[in-house]
Amino acid sequence: MICSRAFPRDRDWHVYAEKHSCGVPESAEVRRNWAIGLEDLSHLERDLESDAPDVLLVQHNPAFFGEERLGRLLALAREKGIAAATILHSVRGLRIDADLASELSRTDRIYVHRGEDAERLARLGPKHNVRVIPQGIPRLPERSAGWVKKQIGLDGRFLIGHFGYLRAHKGVIELGEAFDRIADRDERAELLLLCAEYPSEDSREYRKRCEVRISGSPVAGRIHVSFDHLDFDMAGFLLQACDVLVFPYHPSGESSSAAVRLAIAAVFVVTREGRLVEIVPAAAVPRGTDLSDSVWYRGLRS
């Protein structure tokens, strides 16, 4: 819905939203007509035909629906004479066959976030209609970690934070295991997990595993967790209390939540997987490193 703030106020517009994760009630402007992972865009396609918009903007994430459905949606827009643009969350990992490459080449505009993605597309066909728009970094009021910690009752603590949708490849359980050892060494250490449940079965199952892991921790009282989707201001405020943000990712592409992390301006510790280490001036640690290892932790505390 953030994008809609820039829509012309003298024009009609519709948002075709995901059924379960959209935080806005359904209305004449907002239709919840597709679901993550179901590969069924029939309701969205029917709305597209009946609404007959002048322009269609598709924000594509591979987790939303697959490449075949993306190509079909763009083809439908072209056949109906609808100008179409698509924002590709990430090109890396997309299975772009000849049919999809052809459809993307005929799309009015493709927006990507990295030059590397534009280069990948150019090798496959789409080139002249591609534009690179780097991920934006939102602004937060300047607040010291010490001041925020006082406001939330953690004054004098060393706060380790993690932020992002709750998925198994994010390494939340591994971070919890590492924190048990850190907490045993440092009585001031606390862990803050802001991990909104993703609208998918794997996220729901992973949440159950995380809840069991946290409740069974010998330092459960020093682990603060929210599985709710917090708005930007609240998430940013809480993360500003952190002395360090840790992202122990397994192999994956990075998500747009990186923009929120960058706004915090805290110290980062990440694994060398996915995209985050490429865009964040971080203290990177190799994949497989024991995250309770005193080498990096002692350095941060000194």
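Keep in mind that this is a model prediction, so the values were computed, not measured.

Engineer: Is there a simple way to think about the overall build of the protein in this case?
Structural biologist: Broken down by element type, the protein carries eleven helices and twelve strands. Burial statistics for the protein: of 302 residues in total, 47% are counted as buried. For the protein, contacts bridging at least 24 residues in sequence account for 62% of all contacts bridging at least 6. Just so you have it, the protein exposes about 15700 Å², and 50% of that area is on carbon and sulfur atoms.

Engineer: Explain the nonpolar core here, please?
Structural biologist: The nonpolar side chains of a soluble globular protein tend to be buried, and buried together. Counting residues in each nonpolar core, the largest one holds 29 residues, and the members touching the most others are Leu-88, Ile-96, Val-112 and Leu-121. Mapped by element, the contributors of at least two residues to this core are α1 (42–51), β3 (55–60), α2 (67–79), β4 (83–88), α3 (98–105), β5 (109–112) and α4 (115–124). Those residues in contact with Ile-96 that sit more than four places away from it in its chain are Val-91, Ala-101, Leu-104, Leu-121 and Leu-124. Among the nonpolar cores identified, the runner-up in size contains 21 residues, and Leu-166, Ile-173, Ile-182 and Ala-183 belong to it.

Engineer: Explanation requested: the confidence of the model for the protein in the structure shown.
Structural biologist: Atom-level detail of predicted coordinates should not be read off regions where pLDDT is low. Chain-level statistics for the protein give a pLDDT mean of 80 and a share of 77% at 70 or above. Contacts from residues 259–265, a stretch scored under 50 in pLDDT, to residues over four places away or in other chains number 26 contacts. Ignoring residues within four places in sequence, the model shows residues 271–302, a span with pLDDT below 50, making 77 contacts including any to other chains.

Engineer: Explain the pairing of strand β7 (residues 158–163) to me, please; I cannot follow it from the model alone.
Structural biologist: Strand residues, when the strand is regular, have side chains that alternate between the two faces of the sheet. Burial within β7 is extensive, with six of its six residues counted as buried. Because side chains alternate across β7, one face comprises the buried residues Phe-158, Ile-160 and His-162, and the other comprises Leu-159, Gly-161 and Phe-163, equally buried. The pairing of β7 with strand β8 (residues 189–194) spans six bridges and is classified as parallel. In the strand pairing of β8, His-162 is matched with Leu-193. In this region the chain leaves β7, passes through helix α6 (residues 172–185) and returns to the parallel neighbour β8; the handedness of that crossover is right-handed.

Engineer: Would you mind going over the packing of α6 against helix α7 (residues 201–215) with me for this structure?
Structural biologist: Any two packed helices are characterised by the angle at which their axes cross and by the distance between the axes. Axis separation between α6 and α7 bottoms out at 10 Å; the angle between their running directions is 10°. One way to sum up the angle between α6 and α7 is to call them roughly parallel. Together, Val-172, Ile-173, Glu-174, Gly-176, Glu-177 and Asp-180 of α6 and Tyr-206, Arg-209, Cys-210 and Arg-213 of α7 make up the contact between the two elements.

Cut-off values and rules
Residues numbered from 1 in each chain as written. Predicted model: local features only at pLDDT ≥ 70, side-chain atom pairs only at ≥ 80, totals over all residues. Heavy atoms only, no water. Helix = DSSP H or I, 4+ residues; strand = E, 2+ residues; numbered from the N terminus. Buried < 20%, exposed > 50% of the residue type's maximum accessible area, 1.4 Å probe, protein only. Contact = heavy atoms within 4.5 Å. Areas by Shrake-Rupley, 256 points an atom, 1.4 Å probe, with all protein chains shown as cover. Core = buried A, V, L, I, M, F, W, Y, C linked by side-chain atoms within 4.5 Å. pLDDT = per-residue confidence, 0-100. Pairing = 2+ DSSP bridges. Right-handed = clockwise from strand over helix to strand, strands pointing away. Axes fitted to C-alpha atoms, helices over the stretch in contact; angles between N-to-C directions. Parallel < 35°, antiparallel > 145°, perpendicular 65-115°, else oblique.

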